[in-house]
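Architecture at a glance
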Amino acid sequence: MSVTIYVPRDAAALALGAEKVAEAVTQEIAARGIDAKIMRNGSRGMFWLEPLVEVEVSGKRIGYGPVKVKDVAALFDAGLESGGDHALCLGEVEGLPFLKEQTRLTFARCGVVDPLSLKDYEAHGGLAGLRRAADMAPADVVKEVTESGLRGRGGAGFPTGIKWKTVLDAVGERKYIVCNADEGDSGTFADRMIMEGDPFVLIEGMAIAGLATGATKGFIYIRSEYPHAIATMTEAVEIAGGAGILGASVLSSGRAFDIEVRTGAGAYVCGEETSLLNSLEGKRGVVRAKPPLPAHQGLFACPTVINNVISLASVPVILEKGAVFYRDFGMGRSRGTIPLQIAGNVKHGGLYETAFGLSLGDIVERIGGGTATGRPVKAVQVGGPLGAYFPRTLFDTPFDYEAFAAKDGLIGHAGIVIFDDTVDMLKQARFAMEFCAVESCGKCTPCRIGSTRGVETADKIAQGIEPEKNRALLADLCNTMKFGSLCALGGFTPYPVTSAMTHFPDDFAPTPLIEAAE
Amino acid sequence: MNAHVANGDIAERTRAIVGALRSLEGPLLPILHEVQDEFGYVPHEALPVIASELNLSRAEVHGVMTFYHDYRDHPAGRHVLKLCRAEACQSMGGDAVADRMKTLLGVDFHQTALDGSVTLEPVYCLGLCACAPAAMLDGELYGRIDDQTIADLVAEVRR
Ligand SMILES: Cc1cc2nc3c(=O)[nH]c(=O)nc-3n(C[C@H](O)[C@H](O)[C@H](O)COP(=O)(O)O)c2cc1C
Ligand code: SF4
Ligand code: FES
């Protein structure tokens, strides 16, 4: 019987050499006359092991990693095709603690299946949610999502069911589902991974959203920095259309829903929902004032659901297994699972899906294994460039929307970036301001001008120029931006800046050298 | 990519692109992407054509084209090297990688080498944050960049 050898084609695996490894594996198979085929899967999300090569032996997947091209011949000498022993052999992949201890609901298939095989998708539970939704009244689908407790995974944490209900109740000539795949936060890659590793789950989630709200057209707005995700998603949409999952009659329900993939053009602010809508319409990506809400007047002034990739990709399992099943995971008002993205200076970086509620320290130290450099952790930025820097003293904070807010932080898209003790927090604060200045849409003064002033002020502090006065000025600027900005780009940039000042005051002290020189 | 395209030719090819994409809902960004793919940049001469074909003002099209970081108004080098400058890459020495790359290539960000070999651009996250620092050369991705990768990348653009 033919053996299946898996070599990921996830972008991060490719960045670590997976393409060349796949070529080498192909060559060895041919040269040795082995009865085997290569399958290019998504990633399991254990990036310190990528490229992770797997082979299926009597129903189990045995892993080898991280595999370099020069290892490939030796792996076959050791009998890779039958799960043979080798220094790189990890044993059964599902048994690795990092994977075994996760609760994979949204990412259940990612890294397991052939991303573009509908047969594989269905064999692993795909389409069960959409089938059920197609038999339900739209309001009941919305109710199921509301009761699951799912909150938007794009950052704001707004209840998804309530957003859908608003669109269901809105009147419009046509309605849209817009998927926000602009994933611009540093430290985040969950959207990318799911689009590359299990694109049909996003398509299914969007189709359910369409049936639930009466929307007939969906757009997936993917950032241009993700060419692989764009290619996979585009192909998957075509396949889904050919199979009747999309089109004039979704799964023969008599109800239409279609999807179009669009490419962004390199603007961080276009992840903000109203700016994204302007961009889709072919305008400058400036933020719109709310109201009107997109749910009432969104894309082309029609009622529009705009949701993050993970929010939408979490819907199929909710419909398949029911609201209660999903709601039973988590803590407080943070229900279900969250794909943590552990990144930066970390030993075991990757994607870890789990119920809400783990402590930050547990995530960083136990799951992440501490820093890659082996030095002590100094700061952890959670929630992307607009998220606060947490010191070790806040490591007991549970991963939960409210718990993070209570500590002046946010979980955002659940990107977790770890820094060792060599990091200079004044430099990080300066970067936050610089990033805001580069990416500001320009609509409001506190964000547009304030961020540039922030960079100048940080520079003065670094140079030891009137440090006390400039620290006060920086704090004041943050206050103005926080309360005077129209959207969270200007409004949340104070989080990294203020948290850096509060938790790491030593880094903002004037340099003794310059004082001595004066 | 051709830096010396005749004006009439640009207009004609732009018109063909608009013709193929104008039926999309909100076609301007897809059109600009396609124009940039065709010429390697968005030629100044293409803008009035797009404007008149879509019944927009020139200012509007210019405003959109200049808002987005991706669109360039002149040709790039033969290679485009994007280095990630965002936080996760910073935490793994991304600043040092950038400095070294700038020195070795003799260019700053947003610049093209004098021999036209390479354009260096900053990018804020490639989604490779768990294998930082990261870069993209002509669409190919590189993670966990070390001195060897830097040397390889420099050799690649100089070839
Ligand atoms: C500057 C800025 C950037 C954002 N970037 C993203 C993004 O890349 N992806 C995303 O899903 N949401 C992003 N958001 C949040 C969206 O505005 C919006 O809340 C989200 O798409 C709603 O979907 P959800 O309810 O499913 O999370 C951003 C917000 C701001 C202010
Ligand atoms: S805060 Fe900044 S990005 Fe947001 S609307 Fe104002 S200027 Fe634009
Ligand atoms: S921060 Fe560099 S790839 Fe994400």
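Per an unreviewed UniProt entry, chain B goes by Formate dehydrogenase gamma subunit protein and derives from Rhizobium gallicum bv. gallicum R602sp. UniProt lists a comment for chain B under the heading Sequence similarities (unreviewed entry), and it reads "Belongs to the complex I 24 kDa subunit family."

With an unreviewed UniProt entry as reference, chain A is termed Formate dehydrogenase beta subunit protein, source organism Rhizobium gallicum bv. gallicum R602sp. Chain A has a UniProt comment under Sequence similarities (unreviewed entry) that states "Belongs to the complex I 51 kDa subunit family."

With that out of the way, let us pick up the overall build of chain B. Assigned secondary structure in chain B consists of seven helices and five strands. When its helices and strands are written in sequence order, chain B yields α-α-α-α-β-α-α-β-β-β-β-α. In terms of overall dimensions, chain B has a C-alpha envelope of 50 × 30 × 25 Å along the principal axes. Within chain B, the proportion of its 159 residues that are buried is 56%.

Turning to the domain arrangement of chain B, a few remarks are in order. Accessible area lost when the parts come together is the quantity often used to give the size of an interface. Entries for chain B in the domain assignment read domain 1 (7-67) and domain 2 (79-158). A separation of 30 Å is found between the C-alpha centroids of domain 1 of chain B and domain 2 of chain B.

By domain assignment, chain A separates into domain 1 (3-100), domain 2 (118-326), domain 3 (329-420) and domain 4 (425-508). Between the C-alpha centres of domain 1 of chain A and domain 4 of chain A there is a distance of 46 Å.

So, on to the environment of G111 of chain A. Residue and element names in this part refer to chain A. Checked against the element boundaries, G111 lands in the loop between helix 4 (97-100) and helix 5 (118-123). We classify G111 as buried; its relative accessible area is 0%. For G111 and R9, which are 102 residues apart along the polypeptide, the C-alpha to C-alpha distance reads 9.4 Å. Look past the residues within four positions of G111 in its chain and what remains in contact with it is N41, G42, S43, R44, E54 and R61.

The next subject is the side chain of E281 of chain A. Secondary-structure assignment places E281 of chain A in the loop between helix 12 (273-280) and strand 9 (304-308). A distance of 2.6 Å separates polar atoms of two side chains, one belonging to E281 of chain A and the other to K283 of chain A. Not counting residues within four places of it along the chain, the set of residues in contact with E281 of chain A comprises R288, G298, L299, F300 and A301 of chain A together with G26 of chain B.

Moving on to the side chain of T457 of chain A. Residue and element names in this part refer to chain A. Note that T457 resides in helix 19 (residues 445-462). Judged by relative accessible area, T457 falls into the buried class, the value being 1%. A polar atom in the side chain of T457 sits 2.6 Å from the backbone oxygen of R453. Excluding its chain neighbours within four sequence positions, the residues that come into contact with T457 are N470, L473, L474 and L477.

With that settled, consider the site of ligand 1. All names here are of chain A. Close to ligand 1 lie 20 residues; G154, N180, N307, N308 and S311 are nearest. K163 has a polar side-chain atom sitting 2.9 Å from an oxygen atom of ligand 1. The contact in question runs from an oxygen atom of ligand 1 to an N or O atom on the side chain of S311, over 2.6 Å. Computed on the free molecule, ligand 1 has an accessible area of 600 Å², of which 92% lies beneath the protein chains in the complex. Breaking the shell around ligand 1 down by element, the ones donating at least two residues are strand 9 and helix 21 (488-492). A total of three residues in the shell around ligand 1 trace back to one element, the largest contributor, which is strand 9.

So, on to unusual backbone geometry. Residues G65 of chain A and P66 of chain A are joined by a peptide bond in cis, for which omega reads -10 degrees. Mapped onto the elements of the fold, P66 of chain A is located in the loop between strand 4 (60-64) and helix 3 (72-77). Put simply, P291 of chain A and P292 of chain A share a cis peptide bond, and its omega is 0 degrees. With respect to the secondary-structure elements, P292 of chain A resides in the loop between helix 12 and strand 9. Even without being a glycine, N55 of chain B presents a positive backbone phi close to 60 degrees. Along the chain, N55 of chain B falls in the loop between helix 3 (46-54) and helix 4 (58-67).

Moving on, we get to the packing of helix 18 (residues 425-439) of chain A against helix 19 of chain A. All names here are of chain A. At a closest axis distance of 8 Å, the pairing of helix 18 and helix 19 adopts a crossing angle of 155 degrees. Classed by the angle they form, the pair helix 18 and helix 19 counts as roughly antiparallel. Between helix 18 and helix 19 lies a crossing of left-handed hand. Taken together, the residues of helix 19 that come into contact with helix 18 (itself represented by L426, R430, M433, E434, C436 and A437) are C447, G450, S451, T452, G454, V455, A458, D459, I461 and A462.

Each partner contributes residues to the interface: chain A has 63 residues there, and chain B has 38 residues. Linking chain A with chain B are three salt bridges. Between K217 of chain A and E25 of chain B there is a salt bridge, with the nearest N and O atoms lying 2.8 Å from each other. Inspection of the chain A/chain B interface yields 28 residue pairs in polar contact (both at pLDDT 80 or more). Counting residues per element, the ones that place at least two in the side of chain A that touches chain B are helix 1 (11-15), strand 7 (217-222), helix 11 (227-242), strand 8 (258-263), helix 12, strand 12 (337-344), strand 16 (415-420) and helix 18 of chain A. Tallying contributions element by element places helix 18 of chain A first for the side of chain A that touches chain B, with six residues. Here the residues of the side of chain A that touches chain B are counted per class, giving 32 nonpolar, 18 polar and 13 charged.

Calculation notes
- Residues numbered from 1 in each chain as written.
- Chains lettered and ligands numbered in written order.
- Predicted model: local features only at pLDDT ≥ 70, side-chain atom pairs only at ≥ 80, totals over all residues.
- Heavy atoms only, no water.
- UniProt positions renumbered as here; feature names shortened; annotations may be inferred.
- Helix = DSSP H or I, 4+ residues; strand = E, 2+ residues; numbered from the N terminus.
- Buried < 20%, exposed > 50% of the residue type's maximum accessible area, 1.4 Å probe, protein only.
- Domains from an automatic or database assignment.
- Contact = heavy atoms within 4.5 Å.
- Polar contact = N/O pair within 3.5 Å; in protein donor to acceptor, adjacent residues only side chain to side chain.
- Near = heavy atom within 4 Å.
- Areas by Shrake-Rupley, 256 points an atom, 1.4 Å probe, with all protein chains shown as cover.
- Axes fitted to C-alpha atoms, helices over the stretch in contact; angles between N-to-C directions.
- Parallel < 35°, antiparallel > 145°, perpendicular 65-115°, else oblique.
- Left-handed = near helix turned anticlockwise from the far one by under 90°.
- Salt bridge = Lys/Arg side-chain N within 4 Å of Asp/Glu carboxyl O.
- Nonpolar A, V, L, I, M, F, W, Y, C, P; charged D, E, K, R; others polar.

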